[in-house]
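The chain contents come next:
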Amino acid sequence: MQPAVVLDKLVKVFDGKTPVVAVDHVSFDVRRGEIFSLVGPDGAGKTTTIRMMCGVLPPTEGTITLLGLDIRKDKDEIKKHIGYLSQKFSLYGDLTVDENIDFFAEIHKVRDYRGRKEDLLQFTRLAPFRDRLAARLSGGMKQKLALACTLVHAPDIIFLDEPTTGVDPVSRRDFWKILSSLLKSGMTIIVTTPYLDEAERSTRVALMNECRLLRCDTPESVKDSFSSDVFEITCENARALRETMKNTISEQDIQLFGDRIHLLQPKGAMTQHDIQDQLKKQEIAFDSVREIPASLEDVFVSAIR
Amino acid sequence: MMMNNDTTNNAVVVEGLTKRFGRFVAVDNVSFTVRRGEVFGFLGPNGAGKSTTIRMLCGLLEPTSGSATVGGFDVTSSPDGVKTTIGYMSQRFSLYEDLTVEQNINFYGGIYGLEGERLKERKSWAIGMAGLKGKEQQLAHSLSGGWKQRLALGCATLHEPPIVFLDEPTGGVDPVSRRNFWDLIYSLSSRGVTVFVTTHYMDEAEHCNTIGLIYSGKLTAIGSPTELKHKLDRYRIFEIRCEHPVDAMEQLQKQPWVVETSIFGSSFHASTLRDVDAFSEIERVLAQRGIALQRIEQIVPSLEDVFIHLIAEEDAKPHNNAS
């Protein structure tokens, strides 16, 4: 099946006294029916890339193809098939939940949307609040309403720009549950996020940093490509443990947390037992050692060094 | 009612702290202690009482009942004393974007009453700590995330407060800068500075020595990251790979012995009660639906799992909350 979106050597330069490169020769595909995350810190180029994919911002160079259509030539046709939820989304505070959905349906010229509206209200569990003014909704509910408005014209692809920034873990998990149930209807979902741990939930991820693409693959393949093993050493005084370890091990390979340390070693070089023996030999106090899977963050940090 | 800095080992002592707004109890009888030099994390959903608690600890809001002592100052009788003893940093909102690095530092120096030699000394420290030597005339908005963060921390600690409050300190910043920032925090902590962090980012919470989970105004759980993960010992958490993961999740969620499911790309996580033979039960439920199980593995709970499960347990309890 044809991919949902194809980016080929996409470039965006903002003109000015000093031109700023915001997106630097980025190429990747998004397949149909997947949740695709564009991950990276602020300033990496995620939002600029998404805006170009939605036809809101023209590319400087390169091509974008959505559902086989070219973003430069067929923008109007493309807009009928996509939805975009921006980071600073707008709802009409003095309209009710119901009225907001009506409004967006009318903007998108959706005929006979009443059935769809009922589905969306059920699906986002906003039905009991349908007569509430949008301004009086909690943050989490506002976000669900904004999502419902993005879905009212039954798009094939939706773009969500940092939908869970500032949202607590419970609401965030709820939101991801909603996203995963959308997949059942064959929708393609493209999300940007600065949270690497969130990217682990996606079907595939594109890691971006400083306007460039670092990796694009399933989270598992990205992690498999990591050249180090990661060991978790727990102990009460993790800080002291790190200080001692710094004598023999490069600082880059030791990561300190509240009550433990992550130690990186070249793949296959040492086992859990080797490390336990080493620590005992050097008379270093610790509670436990175990090997843990590399995280996307581990890969990201080593990719940008 | 103490007025002076005391020299005990506790930087913050909170006892039965309560705040009511009318009949709504925003903070409900919260008690905990934070040792000097500890990195303490405050977690909780929006609206759970985190911000209200922090505001009371900063001397910005008067408690309804109970007490809190911060750096030796009582928050009710000496809120101004409290303010001299703390620093506050909110990464996304602390700096004046259209002022230069130097102007920001001068501004904060002024607010904290630093002048003359002392200001000069602290200014030079802040610039060095933040790695901004040579960039003093750069506008704050042109700094990248990592540098902004370190500058904001410098501004918040110009007056060498023994206690620092950090609100979502590393949101949106690249992982390398985030790690460098935490090294800075740990070095402050090793010099006896007590650090309070509020965050929604579970990776951040893992950096804390102790974490307090606030929900519905109550301190629902408190402990080190490892201790909190052990609170989930009554459950088992599995990572499952199979075809049609969304379908499989729905089937499992219907089972009474399944507590939670959440998607992870082409796999998903499911948590079950411990006393169930989960491996075979999961296989059975999926087989009934004609779904082939590709892989199943028991995993260690993450802090996010802890958060979600403890909150679900709280929700399941009968409530007496007036709200």
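Residues numbered from 1 in each chain as written. Chains lettered and ligands numbered in written order. Predicted model: local features only at pLDDT ≥ 70, side-chain atom pairs only at ≥ 80, totals over all residues.

A.B. asks: Where do I start with the overall build of chain B in this structure?
C.D. replies: Across its full length, chain B holds 11 helices and 14 strands. In terms of principal-axis extent, the alpha carbons of chain B reach across some 75 × 45 × 35 Å. Expressed as a percentage of the 323 residues in chain B, the buried residues total 45%. Across chain B, contacts joining residues at least 24 apart in sequence account for 70% of those joining residues at least 6 apart. (Helix = DSSP H or I, 4+ residues; strand = E, 2+ residues; numbered from the N terminus. Buried ≥ 20, exposed ≤ 12 C-beta atoms within 10 Å, placed from the backbone. Contact = placed C-beta atoms within 7 Å.)

A.B. asks: Any chance you could explain the overall build of chain A here in plain terms?
C.D. replies: On a plain count of helices and strands, chain A comes out with 11 helices and 14 strands. In terms of principal-axis extent, the alpha carbons of chain A reach across some 75 × 45 × 45 Å. Sorting the 305 residues of chain A into buried and exposed places 41% on the buried side. Long-range contacts, defined as pairs at least 24 residues apart, comprise 70% of the intrachain contacts of chain A with a sequence gap of at least 6.

A.B. asks: I would appreciate a short explanation of the interface of chain A and chain B in the present structure.
C.D. replies: Where the parts come together, the accessible area they lose is often given as the size of the interface. Facing 39 residues of chain A, the contacting portion of chain B comprises 35 residues. Of all the elements, helix α6 (residues 169-183) of chain A adds the most residues to the side of chain A that touches chain B, at 9 residues. Its residues assigned to classes, the side of chain A that touches chain B shows 15 nonpolar, 13 polar and 11 charged. (Nonpolar A, V, L, I, M, F, W, Y, C, P; charged D, E, K, R; others polar.)

A.B. asks: Any chance you could explain helix α11 (residues 303-316) of chain B here in plain terms?
C.D. replies: Residue pairs spaced three or four apart in an α-helix point in one direction, given the helix's 3.6 residues per turn. With 14 residues, α11 of chain B should reach 20 Å at 1.5 Å per residue; the first-to-last C-alpha distance of 20 Å fits that figure. Every buried residue of α11 of chain B is listed here: Leu303, Glu304, Asp305, Val306, Phe307, Ile308 and Ile311 of chain B. (Expected span 1.5 Å × (residues − 1).)

A.B. asks: I would appreciate a short explanation of the packing of helix α4 (residues 116-130) of chain B against helix α5 (residues 145-156) of chain B in the present structure.
C.D. replies: When two helices pack together, their arrangement is given by the angle between their axes and by how far apart the axes lie. Residues and elements named next belong to chain B. At a minimum axis distance of 9 Å, the contact between α4 and α5 shows a crossing angle of 155 degrees. Considered as vectors, α4 and α5 are oriented roughly antiparallel to each other. Here α4 and α5 pass one another in a crossing that is right-handed. Counted together, Ala126, Met129 and Ala130 of α4 and Trp147, Arg150, Leu151, Gly154 and Cys155 of α5 form the full contact between these two elements. In terms of residue class, the contact of α4 with α5 is built from 6 nonpolar, 1 polar and 1 charged. (Axes fitted to C-alpha atoms, helices over the stretch in contact; angles between N-to-C directions. Parallel < 35°, antiparallel > 145°, perpendicular 65-115°, else oblique. Left-handed = near helix turned anticlockwise from the far one by under 90°.)

A.B. asks: Any chance you could explain the nonpolar core here in plain terms?
C.D. replies: Side chains that are nonpolar tend, in soluble globular proteins, to be buried together. Ala206 of chain A together with Val70, Val164 and Val195 of chain B are the most contacted members of the largest nonpolar core, which totals 134 residues. Setting aside residues no more than four positions away along its own chain, Val195 of chain B makes contact with Val39, Phe40, Val164, Leu166, Ile185, Leu188 and Ser189 of chain B. (Core = buried A, V, L, I, M, F, W, Y, C linked by C-beta atoms within 7 Å.)

A.B. asks: Would you mind going over the environment of Lys229 of chain B with me for this structure?
C.D. replies: Residue and element names in this part refer to chain B. Examined against the element boundaries, Lys229 turns out to sit in helix α8 (residues 225-230). Residue classification places Lys229 among the partly exposed residues on the basis of 16 C-beta atoms within 10 Å. Spatially, the C-alpha atom of Lys229 lies 48 Å from that of Glu117, the residues being 112 residues apart in sequence. Contact partners of Lys229, with chain neighbours within four places excluded, come to Val300, Pro301 and Val306.

A.B. asks: What's the story with the sheet that holds strand β1 (residues 10-21) of chain B in this structure? I'm lost.
C.D. replies: Strand-to-strand pairing in sheets goes through backbone hydrogen bonds, with the strands running parallel or antiparallel. All names here are of chain B. In space, the 4 strands of this open sheet follow the order β2-β1-β4-β5, with antiparallel pairing throughout. With partners counted over all chains shown, the strands left at the sheet margins are β2 (24-35) and β5 (73-74), one partner each. Against the sheet, helix α1 (residues 50-57) contacts β1, β2 and β4 (65-70), and its axis sits at roughly 120 degrees relative to β1. (Pairing = 2+ DSSP bridges.)

A.B. asks: Mind showing me how you'd approach the domain arrangement of chain A here?
C.D. replies: Residue and element names in this part refer to chain A. When cut into domains, chain A gives domain 1 (5-223) and domain 2 (226-303). Each partner contributes to the interface: domain 1 provides 9 residues, whereas domain 2 provides 8 residues. Elements supplying a minimum of two residues to the side of domain 1 that touches domain 2: α7 (196-199), β10 (212-217) and α8 (219-224). Per element, the largest residue contribution to the side of domain 1 that touches domain 2 is 3 residues, and it comes from α8. Of the residues that constitute the side of domain 1 that touches domain 2, the class distribution is 6 nonpolar, no polar and 3 charged. (Domains from an automatic or database assignment.)

A.B. asks: I'm lost on the pairing of strand β1 (residues 5-14) of chain A in this one. Help?
C.D. replies: Successive side chains on a regular strand alternate, one facing one side of the sheet and the next facing the other. All names here are of chain A. The sheet contact formed by β1 and strand β2 (residues 20-30) spans 7 bridges and is antiparallel. When the sheet's bridge partners are listed, Val6 is paired in β2 with Asp29. Here β1 folds back onto β2, and the loop between the two strands holds 5 residues. Examined bridge by bridge, β1 and strand β4 (residues 61-66) share 5 bridges and lie antiparallel to one another. Across the sheet, Val6 pairs through a bridge with Thr65, a residue of β4.

A.B. asks: Just to check I follow, could you spell out the domain arrangement of chain B for this structure?
C.D. replies: Under the domain assignment used here, chain B contains domain 1 (10-228) and domain 2 (233-300). Placing the centre of domain 1 of chain B and that of domain 2 of chain B at their C-alpha centroids yields a distance of 40 Å.

A.B. asks: Quick question: what am I supposed to make of the sheet that holds strand β8 (residues 194-198) of chain B here?
C.D. replies: Residues and elements named next belong to chain B. Taking strand neighbours across the sheet as the criterion, the 6 strands line up as β6-β7-β8-β3-β9-β10 in an open arrangement whose pairing is mixed. At either end of the open sheet lies a strand with only one pairing partner, and these are β6 (86-90) and β10 (218-223). Direction aside, the axes of adjacent strands within the sheet are offset by 20 degrees on average. Two strands pair when backbone bridges link them, and strand β7 (residues 163-167) and β8 are joined in this way by 5 bridges, in the parallel orientation. Each bridged residue has a counterpart across the sheet, and for Asp167 the counterpart in β8 is Thr198. Lying on the sheet, α5 is in contact with β6 and β7; it crosses β6 at an angle near 160 degrees. Along the sheet face, α11 touches β3 (39-43), β9 (210-215) and β10 and points at about 40 degrees away from the line of β9.

A.B. asks: Just checking my understanding: could you explain unusual backbone geometry for this structure?
C.D. replies: Glycine aside, the phi torsion of most residues is negative, and most peptide linkages are trans. Positive phi, normally seen in glycine, also occurs at Cys211 of chain A, with a value near 75 degrees. In the Ramachandran plot, Asn29 of chain B falls in the positive-phi region, its phi being about 60 degrees despite a non-glycine side chain. As for its placement among the helices and strands, Asn29 of chain B is situated in strand β2. Residue Asn29 of chain B is classed as partly exposed on the basis of its 14 C-beta neighbours within 10 Å.

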